Amino acid sequence: MGTAPCLSIDPFDEAFLADPYAHHDALRDAGPAVWLEAWHCFGIARHAEVQSALKDHEIFVSGRGVGLADFAREQPWRPPSLLLETDPPIHDRTRSIMNKVATLASLRGVRAAWLAKAEAIVEELTERRTFDAVTDLAEIFPLSVFPDLIGLMDEGREHLLPYGMATFNAFGPRNALFEETNATAAPAAAWIASACERSNLKPGGWGWAVYEAADRGECSEEEAARLVRSFLSAGLDTTVNGIGHLILALATFPDQWDKLRARPELAKRALDESLRWDSTAQTFFRTTSRQVEVGGVTIPADSKVILFLGAANRDPRKWDNPDQFSIERATSGHVGLGFGIHQCLGQMVARLESEVLLEALISLVRSMRLNGPPLRRLNNTLHALESLPIVVTPN
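Our subject in this report is the structure included herewith. Fair warning: this is a prediction, and the values are worked out from it, not measured in the lab.

### Things to note about the sheet that holds strand 2 (residues 34–36)
In step 1: A sheet is described by the order of its strands in space; here six strands give the open sequence 1-2-3-9-6-4, paired in mixed fashion. Of all the strands in the sheet, just strand 1 (6–7) and strand 4 (60–61) have a single pairing partner and so form its edges.
In step 2: The pairing of strand 4 with strand 6 (residues 283–288) spans two bridges and is classified as antiparallel. Looking across to strand 6, one finds that phenylalanine 60 is bridged to threonine 288.

Below, the structure written as structure tokens:
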């Protein structure tokens, strides 16, 4: 077994975060596993090796943190997530609770109402012809449906997005991005803590259902609050940017929009292709529980390993013409929603939100194109959009 190639690439440099795809070839081509001297950790960027590491939760563990910090050596910045930052058997128990709460049956019950809201928003935007697909659509629609699904109190919902951005920044180093969001996130964090309490949740929502599991003895009251927090930590920012990337892809590749309008049954493929083409969550870390070989490279026990999900999803070893967006592509195996036991719990919600938005757009919009360059909001983990100017022609 050999040693990993040593690279000077810094995945948390602001130039890298602004355009990670410009650096992914260098990461993939250097080898199946590399050593990143900037942060003294290993990196894996090829699809096969990233997917394998995500599946092997016994060696590439999450309980020591899915960010740069190693919880075995330093205090977590907040109580760890009982889903994302745990390993079996704790993870299996808490995931089982959440799987009984976040069900397809409950989502089927809200689909008609969500579609009506999506149609109302899209109709108003198409009348304007020009709008910002981030601030006017990708943020507005999820915020109009997701908090009610959880059963959050009405006041203070504006804290959800800043809290999510701060949470994902915390998975990286304590750099300027982290310090900036952390300095302004105190009111949001306080609101989140309050919103997750049983007394502030509305009966009938998913949050209330988690506390009902506590009443059955499936978890403690404190664990229930942390499980509700898991909904709020990752339930909005990833969806907002996922919708933004979907609109960006369809506006950048107008032939694919025309194809989707002609064949609406390809909507689900379009969503998965957008998740592959521009992964909202670009990276997550794991820690090795023992020495492991990755493609002939030895990674010692207790090593932090950064998995480049975005690079894996555009690996030419896996995908033909990976930089192209094609709604007819077979995307099975993409890691835009993670993979293995830690695969995104809320993906059903994100898929339904995107599905009803696409349905509304297909019925109301004939053409869409960019009306200016997209602007990025830098984040240590997310490939986030701040602005996406769009011009549309109504049907």
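### Looking at the environment of alanine 249
In step 1: With respect to the secondary-structure elements, alanine 249 resides in helix 14 (residues 237–252).
In step 2: Owing to a relative accessible area of 0%, alanine 249 belongs among the buried residues under this scheme.
In step 3: The sequence separation of alanine 249 and aspartate 278 amounts to 29 residues, and the corresponding C-alpha distance is 8.5 Å.

### Brief notes about the nonpolar core
In step 1: Ranked by size, the top nonpolar core spans 79 residues in total, and within it Phe231 and Leu260 carry the most contacts.
In step 2: Once residues within four sequence positions are removed from consideration, leucine 260 is found in contact with Leu250, Leu266, Ala267, Ala270, Ile327, Leu358 and Ile362.
In step 3: Membership of the second largest hydrophobic core comes to 26 residues, among which are Ala33, Leu54, Phe60 and Val294.

### Observations concerning helix 10 (residues 176–184)
In step 1: For helix 10, every residue scored as buried is listed here: Leu177, Phe178 and Thr181. For helix 10, the angular spread of the buried residues around the axis is 95°, confining them to a single face. Within helix 10, the exposed residues directed more than 90 degrees away from the buried face are Ala176, Glu180 and Ala183.
In step 2: Where the residues of helix 10 are buried, they touch helix 1 (14–18) and helix 9 (160–169).

### A few points about the sheet that holds strand 5 (residues 130–132)
In step 1: The strand order across the open sheet formed by three strands is 5-13-10, and the pairing between neighbours is antiparallel. Two strands lie at the open edges of the sheet, namely strand 5 and strand 10 (365–370), each paired on one side alone. Strand-to-strand twist of the sheet, defined as the mean angle between neighbouring strand axes without regard to direction, takes the value 30°.
In step 2: Across the sheet, helix 14 touches strand 10 and strand 13 (389–394), and the angle it forms with strand 10 is around 95°.

### Quick notes on the pattern of salt bridges
Where charged atoms from two side chains of opposite charge approach closely, those side chains can pair.
In step 1: Taken as a whole and judged by the stated rule, the model has 28 salt bridges.
In step 2: With a closest N to O distance of 3.6 Å, glutamate 124 and arginine 128 form a salt bridge. In this pair, glutamate 124 and arginine 128 both sit in helix 6 (residues 111–128), four residues apart, roughly one turn of the helix.
In step 3: Given a relative accessible area of 38%, glutamate 124 falls into the partly exposed group.
In step 4: Here arginine 128 falls in the partly exposed class, since its relative accessible area comes to 39%.
In step 5: A salt bridge links arginine 314 to aspartate 323; its shortest N-O distance comes to 3.2 Å.
In step 6: Here aspartate 323 falls in the partly exposed class, since its relative accessible area comes to 45%.
In step 7: It is possible to trace a salt-bridge network through shared partners that takes in Arg64, Asp70, Arg73 and Asp302.

Definitions and limits used
- Residues numbered from 1 in each chain as written.
- Predicted model: local features only at pLDDT ≥ 70, side-chain atom pairs only at ≥ 80, totals over all residues.
- Heavy atoms only, no water.
- Pairing = 2+ DSSP bridges.
- Helix = DSSP H or I, 4+ residues; strand = E, 2+ residues; numbered from the N terminus.
- Buried < 20%, exposed > 50% of the residue type's maximum accessible area, 1.4 Å probe, protein only.
- Core = buried A, V, L, I, M, F, W, Y, C linked by side-chain atoms within 4.5 Å.
- Contact = heavy atoms within 4.5 Å.
- Arc of directions from axis to C-beta.
- Axes fitted to C-alpha atoms, helices over the stretch in contact; angles between N-to-C directions.
- Salt bridge = Lys/Arg side-chain N within 4 Å of Asp/Glu carboxyl O.

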